[in-house]
Amino acid sequence: DGGITQSPKYLFRKEGQNVTLSCEQNLNHDAMYWYRQDPGQGLRLIYYSQIVNDFQKGDIAEGYSVSREKKESFPLTVTSAQKNPTAFYLCASASGHTDTQYFGPGTRLTVL
Amino acid sequence: QKEVEQDPGPLSVPEGAIVSLNCTYSNSAFQYFMWYRQYSRKGPELLMYTYSSGNKEDGRFTAQVDKSSKYISLFIRDSQPSDSATYLCAMSDLYHTNTGNQFYFGTGTSLTVIP
């Protein structure tokens, strides 16, 4: 079954902690993306990666970090520097050939 | 001005109605146009994908692109309660660069189909 998986589905973080959200895809897509979704604000791009070992900041990268060591994996770390991390986080991947994005099921992060 | 504008609704229709969802955009370089359906607390699901202008039909769904007006639409015929969701439009340009976004999203329209 091809697709994008994200884990965990729900994540709770205490103030001052770093947490890492997992994103894996078996679609053989080159590009991967992380978005944050808040009510009424649509999708905002955090980071994206076009190729292994390379990634670019999106519109709201401050307080986040990523790595792309494997084509299939693009983990997102929410650091303690992110002032308002409570949100729904979506990972996506895209094939340059079709130019269409596919999304994972999302991770809901709550800061306690 | 945002790259993509979408009326957030909410939109409420009776079962069986024809639904029209719309987005406007400002960047004439956009060539690829997508509609996603997102149920509450789930990831967006790709519904329709269109390249350049024209219509595309898939079952009860029709996507329409008018590049001269920079306007795209999604029509849902014979709407069902299971169509109740948020619908996101998205678009991208032909020439990818390594800076900035590749994909641009509307904020989504919330649709409720009443039985």
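Before reading further, recall that the structure is shown in the block above.
Here the structure is a predicted model, which means the values were calculated and not measured. (Residues numbered from 1 in each chain as written. Chains lettered and ligands numbered in written order. Predicted model: local features only at pLDDT ≥ 70, side-chain atom pairs only at ≥ 80, totals over all residues. Heavy atoms only, no water.)

Once that is clear, we can look at the environment of Arg44 of chain A. All names here are of chain A. Mapping Arg44 onto the fold places it in strand β5 (residues 42–51). When its relative accessible area of 28% is taken as the criterion, Arg44 is described as partly exposed. In this view, Arg44 contacts Trp34, Tyr35, Arg36, Asp38 and Ile60; residues no more than four positions away in its chain are not counted. A polar atom in the side chain of Arg44 sits 2.8 Å from the side chain of Asp38. (Helix = DSSP H or I, 4+ residues; strand = E, 2+ residues; numbered from the N terminus. Buried < 20%, exposed > 50% of the residue type's maximum accessible area, 1.4 Å probe, protein only. Contact = heavy atoms within 4.5 Å. Polar contact = N/O pair within 3.5 Å; in protein donor to acceptor, adjacent residues only side chain to side chain.)

Right, let's talk about the interface of chain A and chain B for a bit. When the parts come together, some accessible area is lost, and that loss is often what is quoted as the size of the interface. Chain A puts 24 residues into the contact, and the matching count from chain B is 23 residues. Note on chain A versus chain B: buried area summed over both sides is about 1900 Å², and carbon and sulfur give 48% of it. Across the contact surface, chain A and chain B share zero salt bridges. Here chain A and chain B share three residue pairs in polar contact (both at pLDDT 80 or more) between them. Looking at the side of chain A that touches chain B, the elements with two or more residues in it are β4 (31–38), β5, β9 (87–95) and β10 (100–103) of chain A. (Buried area = accessible area lost by both parts, 1.4 Å probe. Salt bridge = Lys/Arg side-chain N within 4 Å of Asp/Glu carboxyl O.)

This brings us to the nonpolar core. Core analysis: the biggest nonpolar cluster contains 24 residues, and Val4, Trp35, Ile72, Leu74, Tyr87 and Met91 of chain B have the highest contact counts within it. Counting only elements with at least two residues in this core, the list comes to β3 (19–25), β4 (30–38), β5 (45–51), β7 (61–66), β8 (71–76), β9 (85–93) and β11 (109–114) of chain B. In contact with Met91 of chain B, other than residues within four places in its own chain, are Val4, Tyr25, Phe30, Tyr32, Phe33, Met34, Ile72, Gln102, Phe103 and Tyr104 of chain B. Judged by nonpolar contacts, the second largest core, of 19 residues, contains Leu11, Leu21, Phe74 and Tyr89 of chain A. (Core = buried A, V, L, I, M, F, W, Y, C linked by side-chain atoms within 4.5 Å.)

This part covers a nonpolar patch on the surface. There is a patch of nonpolar side chains on the surface, built from Tyr10, Phe12 and Leu112 of chain A and spanning about 370 Å² of accessible area. Relative to the helices and strands, Phe12 of chain A is located in strand β2 (residues 10–13). (Patch = residues over 30% accessible without salt bridge, like charges linked within 9 Å, V, L, I, M, F, W, Y side chains within 5 Å. Areas by Shrake-Rupley, 256 points an atom, 1.4 Å probe, with all protein chains shown as cover.)

This model, assessed by the stated rule, comprises 15 aromatic pairs over all chains. Centroid distance Tyr25 of chain B to Phe33 of chain B: 5.4 Å. Interplanar angle 45°. Geometry classified as tilted. Comparing Tyr25 of chain B with Phe33 of chain B, the two get one shared label, buried. By way of ring pairs, the aromatic residues Tyr33, Tyr35, Tyr48 and Phe103 of chain A together with Tyr36, Phe103 and Phe105 of chain B are connected into one cluster. (Phe/Tyr/Trp six-rings, centres within 6.5 Å; stacked < 30°, edge-to-face > 60°.)

Residue and element names in this part refer to chain B. Two strands pair when backbone bridges link them, and β3 and β8 are joined in this way by six bridges, in the antiparallel orientation. Within β8, the position partnered with Cys23 by the bridge is Ile72. As defined by bridge partners, β7 adjoins β8 across six bridges and the pair is classed as antiparallel. Bridge pairing links Phe61 to Ile76 in β8. As consecutive antiparallel partners, β7 and β8 are separated by four residues, and within that stretch Lys70 has a phi angle of approximately 55°, a positive value. (Pairing = 2+ DSSP bridges.)

Turning to the sheet that holds strand β1 (residues 4–7) of chain A, a few remarks are in order. All names here are of chain A. Pairing in this open sheet of four strands is antiparallel, and the strands run β1-β3-β8-β7 from one edge to the other. Every interior strand has two partners, whereas the edge strands, β1 and β7 (64–66), have only one. The mean angle between the axes of side-by-side strands here comes to 20°, regardless of whether they run parallel or antiparallel. Where β7 and strand β8 (residues 76–78) come together, three bridges link them in antiparallel fashion. Note on β8: the bridge partner recorded for Tyr64 is Val78. (Axes fitted to C-alpha atoms, helices over the stretch in contact; angles between N-to-C directions.)

Before going further, it helps to examine unusual backbone geometry. Cis rather than trans, the peptide bond between Ser7 of chain A and Pro8 of chain A has omega equal to -5°. By secondary structure assignment, the location of Pro8 of chain A is in the loop between β1 and β2. Pro10 of chain B follows Gly9 of chain B through a cis peptide bond whose omega is 10°. Mapped onto the secondary structure, Pro10 of chain B falls in the loop between β1 (4–6) and β2 (11–14). Backbone geometry places Arg41 of chain B, a non-glycine residue, at a positive phi of 65°. For Arg41 of chain B, the position within the fold is in the loop between β4 and β5. Of note, the phi angle at Lys70 of chain B is positive, near 55°, even though the residue is not glycine. Note on Lys70 of chain B: relative accessible area 25%, which makes it partly exposed.

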